[in-house]
Amino acid sequence: MLDQGAPPQSPGQKAAPASPGVGARLMRRKPVEHLVAEGGQGDGGSLRRSLGLWQLTMISIGATLGTGIFVVLGDAVPEAGPAVTLAFVIAGLTALFSALSYAELAGSIPVAGSSYSYAYATMGELVAWVCGWCLVLEYGVSVAAVAVGWGEYLDELLDGTIGVTVPSVLSSAPGEGGIINLPALIVVMLAMVFLLGGVRESARANTIMVAVKIVALVLFCAVGFMGFKSGNYEDFMPLGMAGVSAAGATLFFSYIGFDAASTAGEEAKDPKRDLPKAIMLSLIIVTALYVLVAGVAVGAWNWTKFEGSEASLAAIMNDVSGQSYWGTLLALGAVISIASVVLTVLYGQTRILFAMSRDGLVPKALGKVHAKTGAPRLNTVIVSVFCGALAALIPLGKLVDATSIGTLFAFALVNIAVIVLRVKRPELERTFRVPFGPVLPVLGFLFCAYNMFSLDTVTWVVFGCWMAAGLVFYFLYGYRRSRLATSEVK
């Protein structure tokens, strides 16, 4: 039947191509070649390629090694007991499988969007949006959670040096009896200042802070080992495997950030060569430190003493040595090192939004690059203010699990993307390949799903609400403003 509302066609006139249906538009993919060709291009300027393998590895370590071991350990030990070391291994395996997939995709599609861009090239726009929205949850909320942990160690440092602490009314979220967590807000704003200066300057500062945090953790192991008691391991799994699984899901937060190097794909000198190496190197170094520190901590302290202990590593050093200055010294290292997590994760968040803005899925202003510094300044300010507000007003515990579920979901998609890209683009250059074909990506997906279902119901409800809000935003804004929708990319 003819469409009665259609204008008549003259003889020989070709019919206009039918517009794609809703399903086709949701599944539209962005070609890998276009993703790579756009690398670094922003509104008003370009990102600068100034990062080598060393800087990329430090960014990845800087984003990973921090609050997870300095603060979240105190939450995980009461769940798993001495088996927290096993929980670290489980979380590390989950991260490892996903890291392999990240390494392959980063070497093939070296762009700023990380798993968002990988999903756009393989599974279509809607899945890419969902992945990007999860990354906003992962990175944005992670910055806030880490900033809260930074404030706790700042109190430990102030108490050990000048005998004062920040009043609880100014160092706790409203839900914890305070008005505002001012230290958490301050560290986010300091990170923002560094990022506004450009990626090269930020990378230098991060490298120094990473060196400090590694020294601090090695120092903890040396002092803590003096108080090691083998009897603390006698009841290795007091809460059973269920407790280990719950702790593993919580501790996955400790591995969030190894993918931060992939967000630097458009600022790396040789991304195809260096990004896979940086991702794998950082994960190996971080996992080794986590297992070592957790093993010494539980050996020095009975697992029941960790309940309610926020700055547990500093407390262990004081207890073992009988001298408060050791804990103060560790607190100084923690203050510096946790700040590097805030800096690098905040960096990753801005680059993901930069890529989404360039694709038209979020406002164009987030893709504007300052001509002098090569940094997306407005993007950085907006993200920093948002994360600072979360850090100042939301308790740490609520933030950790919300971050973990968003990350696990994004990681699961990355494992699928590897398989899809191998099927659809087998000829694509790959500087790194996940071994054993699709087996390890499938295991990575299953591990992510297992950890997600180990999280509590409240976390799932929060995640569901977040995803619903994201889909509303997409259909009201990104669905029609997407550059693919407006035919700016063919």
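Since the model is a prediction, treat every value here as computed from it, not as a measurement.

Visitor: Before we move on, can you summarise a nonpolar patch on the surface with the specific residues and values?
Guide: A cluster of nonpolar side chains, contributed by Val169, Leu170, Ile179, Leu182, Ile186 and Leu190, occupies part of the molecular surface with about 480 Å² of accessible area. Among the elements of the structure, helix 9 (168-171) and helix 10 (182-196) are those that each provide at least two residues to the nonpolar patch. Inspection of the secondary structure assignment puts Ile186 in helix 10. Under the relative-accessibility criterion, Ile186 is labelled partly exposed at 40%.

Visitor: Go over the pattern of salt bridges, please, and point to the residues and values.
Guide: Pairing is possible between side chains that carry opposite charge, provided their charged atoms lie close to one another. By the definition in use, this model includes seven salt bridges. Here Glu104 makes a salt bridge to Arg422, at a shortest N to O gap of 2.7 Å. Remark: Arg422 occurs in helix 17 (residues 396-424) and Glu104 occurs in helix 6 (residues 84-108); sequence separation between them is 318 residues. Here the two residues Glu104 and Arg422 agree in accessibility, since each one is buried. A salt bridge links Arg430 to Glu104; the shortest N-O distance between them is 3.2 Å. Linking Arg430 in the loop between helix 17 and helix 18 (439-452) with Glu104 in helix 6, this pair joins segments that are 326 residues apart in sequence. Since its relative accessible area comes to 12%, Arg430 is described here as buried. You can call Glu104 buried: its relative accessible area is 1%. The network of salt bridges with shared partners includes Glu104, Arg422 and Arg430.

Visitor: Give me the lowdown on the packing of helix 3 (residues 53-64) against helix 15 (residues 324-358), citing residues and values where you can.
Guide: Contact geometry for helix 3 and helix 15: axes closest at 7 Å, N-to-C directions at 115°. As for how helix 3 packs across helix 15, the hand of that crossing is left-handed. Residues Ile59, Gly62 and Ala63 of helix 3 form the contact with helix 15, whose own contacting residues are Ser340, Val341, Thr344 and Val345.

Visitor: For the packing of helix 10 against helix 15, give the residues involved together with the corresponding values.
Guide: Two numbers describe how helix 10 lies on helix 15: the axes approach to 9 Å, and their chain directions differ by 55°. The angle between helix 10 and helix 15 falls in the class oblique. As helix 10 packs across helix 15, the resulting crossing turns out to be right-handed. Only Ala339, Val342, Leu343, Leu346 and Tyr347 of helix 15 make contact with helix 10, whose side of the interface consists of Val187, Val188, Ala191, Met192, Phe194 and Leu195. In terms of residue class, the contact of helix 10 with helix 15 is made up of eleven nonpolar, no polar and no charged.

The rules behind these values
Residues numbered from 1 in each chain as written. Predicted model: local features only at pLDDT ≥ 70, side-chain atom pairs only at ≥ 80, totals over all residues. Heavy atoms only, no water. Patch = residues over 30% accessible without salt bridge, like charges linked within 9 Å, V, L, I, M, F, W, Y side chains within 5 Å. Areas by Shrake-Rupley, 256 points an atom, 1.4 Å probe, with all protein chains shown as cover. Salt bridge = Lys/Arg side-chain N within 4 Å of Asp/Glu carboxyl O. Helix = DSSP H or I, 4+ residues; strand = E, 2+ residues; numbered from the N terminus. Buried < 20%, exposed > 50% of the residue type's maximum accessible area, 1.4 Å probe, protein only. Axes fitted to C-alpha atoms, helices over the stretch in contact; angles between N-to-C directions. Left-handed = near helix turned anticlockwise from the far one by under 90°. Contact = heavy atoms within 4.5 Å. Parallel < 35°, antiparallel > 145°, perpendicular 65-115°, else oblique. Nonpolar A, V, L, I, M, F, W, Y, C, P; charged D, E, K, R; others polar.

By themselves, these observations are geometric and do not establish any function.
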